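Architecture at a glance
Residue strings, one per chain:
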Amino acid sequence: MLFDEILEHIGEFGPYQKRVFYLLALPTIICGYQVFSVIFVYDIPAYRCAIPDYPNDSFKIQNEAHTQLINYTIPSADDDDDEGSVYSMCKIYDEDLTTTNTSRMLESTLYTYGSNTTRTKRECSKRVYDKKDIESTIISEFDLVCGEEIMRSHANSLQFFGSFVGSLGMGVIADVFGRKKAIMISLILHIGVGFTIYFAKSFYVIMGVRLLGGISSHALFAIPATTGIELVGRSKRSFTGTTIEFFWAVGVMLVLPVTYLTRQWRDIQLFITVLSLPLLGLWWLIPESPRWLLDKKRLTEVEVILQRICKSNKTNLPSGALNPEKNEDGPQIRIWAMFTNRVLIIRTFIIFFNWYAVNLFYYGLSLNTSNMEGNPYLNYLYTSLVETVAYVSCIFAVPWIGRRKLHFSLMMTGGLALLSVIPVVLTDGPAWTIVVLAQIGKFCASFCYTVLYIMSAELFPTVLRNSGIGFCSIFESLGGMTSPYIADLGLLVEGPLGKSLSLVVFGAVSTTAAVISLFLPETLHRRMPETIQDAIDFDKQEMVRPNRKSYELAPLS
């Protein structure tokens, strides 16, 4: 008897399974917080050159004497084309400012703003930062501006490269040594990385451990989510697949109050690290995945877990259910088998490109939040609420509206919304319009993320479904690795289109992915393919209508 058939007899999602599933979902809160906290931790506040040998200098004007001292030392922004700033961000006048001439300057009325434009200038070695929104970020503490902004993109990209490594390495550990051990290893790694970053005195140390942080962040979402889904029956996979996104959204939302109350990047990092410590208790609270145990022929341990499910559901385990000869799922083959047929080759590459596009779309818009005009906390709140609404919408739309139809419509809508930024910028439209268009894009990206995961699982045949989803994670990570550089295009490109150029790129990639997704078959109300031939003939099978009294996806065979 196959494992899904066993669960149909003893209960697909009873109290015991729910308890374990929600415990497994807790690490995804940590993951969501860690990934999105970088929006504030790596924020670039407004800044200008610091007055040399003036220990009490601050970005905020203190008094009239401070204003005169700044005017004497710092050129106006117009001289250096520092858009949006009154004073130069990166240059000072090329002369020493001693206590003697400072006093003379303050006693004189000669040096007023704009009177020093003919003096020579040089690059300053230190800046002061605006602390209105956040007291300290990694950028302000390590002074990573004036040509060093690309280091932020490098650090964020390293985290996504870590996700790329984690999708391969931690997946292998989960398959070889078990889901439970992989989750514990990821938690320990996450905690170690968190404390290392908190105490780090060098930005290069932070960059190095961000790679390890990416490995743990990916694993803390993917492995618990997979383990939770493996514990439930086939008719409940859509529910668990969308519910897990809510725990991610909780982590995303948690960033806002913590950042608003602490205003210090080290405290933001410390909070999630300390919050992760109790999760080590999951070792004693969750079982190993019964499907993994069954695959390893550890039938005694499988029976113990199934008996707990039976006791919770008040059912009995069918006689002979765990006969090893009846629990064979058939031969496993390699992902390369998807490239043996023209139909499958086209379909596979379309899926891979859409994973790249939706991840670029999703994370790029998330990282771009700090570059938008307006209050950063309100911008983040709007973005987080939009994402949560998208996940709620998934619950009602996914079971009944075609996956392809949903994915195409939302990727196209989101892409066109971002491309609409072009006329707004060229006509000098209001800044709030760009914010609204970006939120439309974020809604569509969040929705498509969930839809694409379900659609991909329903298109890959059972004999290589795990391998197929694993390769999707590779292209997903590539999208994440690219997104920080595109999100920061506004730092590199001057002119009115500079700050919105990243949105235009995201929009172009999204609309392209939407168009080619039309060549994928619809998966709603169709049985999942078991073999390569089933996948080839996918379009030929008849639709299987579910009972519309329940929110269930198409039956998973």
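Residues numbered from 1 in each chain as written. Predicted model: local features only at pLDDT ≥ 70, side-chain atom pairs only at ≥ 80, totals over all residues. Heavy atoms only, no water.

**What about the overall build of the protein?**
Along its length, the protein carries 22 helices and 4 strands. Considering the protein as a whole, with its 557 residues, one finds that 55% of them fall into the buried category. Here the contacts in the protein between residues at least 6 apart in sequence split such that 79% fall between residues at least 24 apart. Entry remark: accessible area of the protein is about 24,200 Å², with carbon and sulfur atoms responsible for 61%. (Helix = DSSP H or I, 4+ residues; strand = E, 2+ residues; numbered from the N terminus. Buried < 20%, exposed > 50% of the residue type's maximum accessible area, 1.4 Å probe, protein only. Contact = heavy atoms within 4.5 Å. Areas by Shrake-Rupley, 256 points an atom, 1.4 Å probe, with all protein chains shown as cover.)

**Concerning helix α4 (residues 64–73)**
The element α4 is largely enclosed, with a buried count of 8 among its 10 residues. Among the residues of α4, those classed as buried are His66, Thr67, Gln68, Leu69, Ile70, Asn71, Tyr72 and Thr73. Of the residues that open α4, the one with a side-chain oxygen 3.2 Å from the backbone nitrogen of Ala65 is Asn63. (Polar contact = N/O pair within 3.5 Å; in protein donor to acceptor, adjacent residues only side chain to side chain.)

**Some remarks on the confidence of the model for the protein**
Per-chain confidence: the protein averages 80 in pLDDT, with 84% of residues scoring 70 or above. Low pLDDT, under 50, characterises residues 106–117; the predicted model gives this stretch 19 contacts beyond four residues in sequence or across chains. Within the model, the stretch residues 547–557 combines pLDDT values under 50 with 38 contacts to residues more than four positions away or in other chains. (pLDDT = per-residue confidence, 0-100.)

**Here we look at the packing of helix α2 (residues 15–36) against helix α11 (residues 265–276)**
Taken N-terminus to C-terminus, the directions of α2 and α11 make an angle of 165 degrees; their axes are 11 Å apart at the nearest point. As summarised for this structure, α2 and α11 are arranged roughly antiparallel, according to the angle between their axes. Crossing handedness for the pair α2 and α11: left-handed. Contacts between α2 and α11 involve Ile30, Tyr33 and Gln34 from the former and Ile268, Gln269, Phe271, Ile272, Leu275 and Ser276 from the latter. For the contact of α2 with α11, the residue count by class is 6 nonpolar, 3 polar and no charged. (Axes fitted to C-alpha atoms, helices over the stretch in contact; angles between N-to-C directions. Parallel < 35°, antiparallel > 145°, perpendicular 65-115°, else oblique. Left-handed = near helix turned anticlockwise from the far one by under 90°. Nonpolar A, V, L, I, M, F, W, Y, C, P; charged D, E, K, R; others polar.)

**Some points on the pattern of salt bridges**
Two side chains of opposite charge can pair, provided their charged atoms sit close to one another. A full pass over the atoms with the stated rule returns 5 salt bridges. Ionic pairing is found between Arg298 and Glu301, a salt bridge with its closest N-O pair at 2.7 Å. Across the pair Glu387 and Lys442 runs a salt bridge whose closest N-O atoms are separated by 3.2 Å. Taken together, the positions of Glu387 in helix α16 (residues 376–397) and Lys442 in helix α19 (residues 431–459) put the pair 55 residues apart, joining distant regions of the chain. Taking relative accessible area as the criterion, Lys442 reaches 1% and is therefore assigned buried. (Salt bridge = Lys/Arg side-chain N within 4 Å of Asp/Glu carboxyl O.)

**Some thoughts on the nonpolar core**
By size, the foremost hydrophobic cluster in this structure holds 125 residues, and its most contacted members are Phe36, Tyr42, Phe203, Trp248, Leu306, Phe447 and Phe506. Residue contributions to this core peak at 13 residues, all from α19. When residues no more than four places from it in sequence are discounted, the contact partners of Leu306 are Phe3, Ile6, Ile10, Leu317 and Leu322. (Core = buried A, V, L, I, M, F, W, Y, C linked by side-chain atoms within 4.5 Å.)

**Quick notes on a nonpolar patch on the surface**
Taken together, the side chains of Val172, Val176 and Phe177 make up a nonpolar region of the molecular surface, amounting to roughly 280 Å² of accessible area. Along the chain, Phe177 falls in helix α7 (residues 150–177). (Patch = residues over 30% accessible without salt bridge, like charges linked within 9 Å, V, L, I, M, F, W, Y side chains within 5 Å.)

**Section: the packing of helix α15 (residues 342–367) against helix α17 (residues 403–419)**
α17 packs onto α15 with a crossing angle of 45 degrees between their chain directions and a minimal axis gap of 12 Å. Here α15 lies oblique to α17, going by the angle between them. Between α15 and α17 the crossing geometry is left-handed. Along the contact surface, α15 presents Asn354, Ala357, Val358, Phe361 and Leu365, while α17 presents His407, Met411, Gly414, Gly415 and Leu418. For the contact of α15 with α17, the per-class residue count stands at 6 nonpolar, 4 polar and no charged.

**Side note on the side chain of Ser217**
Following the sequence through the fold, Ser217 ends up in helix α9 (residues 203–230). Apart from the residues lying within four places of it in its own chain, the contact partners of Ser217 are Cys31, Gln34, Val35 and Gln159.

**Digging into the packing of aromatic side chains**
Two descriptors summarise a pair of aromatic rings, namely the distance from one centre to the other and the angle between the planes of the rings. Evaluation of the coordinates by the stated rule reveals 23 aromatic pairs. Ring centres of Phe36 and Trp248 lie 5.9 Å apart, and the angle between their planes is 85 degrees; this geometry places the pair in the edge-to-face category. Taken together, the residues span a long stretch of sequence, with Phe36 in helix α2 and Trp248 in helix α10 (residues 237–262) at a distance of 212 residues. The same class applies to Phe36 as to Trp248, namely buried. With 6.2 Å between their ring centres and 50 degrees between their planes, Phe142 and Phe203 make a pair best called tilted. Here Phe203 lies in helix α9 and Phe142 lies in the loop between α6 (138–141) and α7, a separation of 61 residues in the sequence. For the pair shown, Phe142 and Phe203 are each scored as buried. (Phe/Tyr/Trp six-rings, centres within 6.5 Å; stacked < 30°, edge-to-face > 60°.)

**Thoughts on the side chain of Arg48**
For Arg48, the location among the structural elements is in strand β1 (residues 47–49). Once residues within four sequence positions are removed from consideration, Arg48 is found in contact with Asp57, Ser58, Phe59, His66, Ile70, Ile74, Tyr87, Ser88, Met89, Arg127 and Val128.

**Re the environment of Phe475**
Locating Phe475 in the fold gives a position in helix α20 (residues 465–487). According to the relative accessible area criterion, Phe475 is partly exposed, its value standing at 26%. Put simply, Phe475 and Asn359 are 116 residues apart on the chain and 8.6 Å apart in space, counted from C-alpha to C-alpha. In this view, Phe475 contacts Phe352, Trp355 and Tyr356; residues no more than four positions away in its chain are not counted.

**Section: the state of the cysteines**
Taken as a whole, this structure holds 2 disulfides when the rule is applied. Each sulfur of the disulfide joining Cys49 and Cys124 lies 2.0 Å from the other. Given an S-S torsion of about -70 degrees, the disulfide between Cys49 and Cys124 has left-handed geometry. Remark: Cys124 occurs in the loop between β3 (121–123) and β4 (127–129) and Cys49 occurs in strand β1; sequence separation between them is 75 residues. (Disulfide = S-S within 2.5 Å.)

**Topic: the environment of Lys296**
Along the chain, Lys296 turns up in the loop between α13 (290–295) and α14 (299–313). Sequence spacing of Lys296 and Asp175 is 121 residues, and the spatial spacing of their C-alpha atoms is 9.8 Å. Apart from the residues lying within four places of it in its own chain, the contact partners of Lys296 are Asp175 and Val176.

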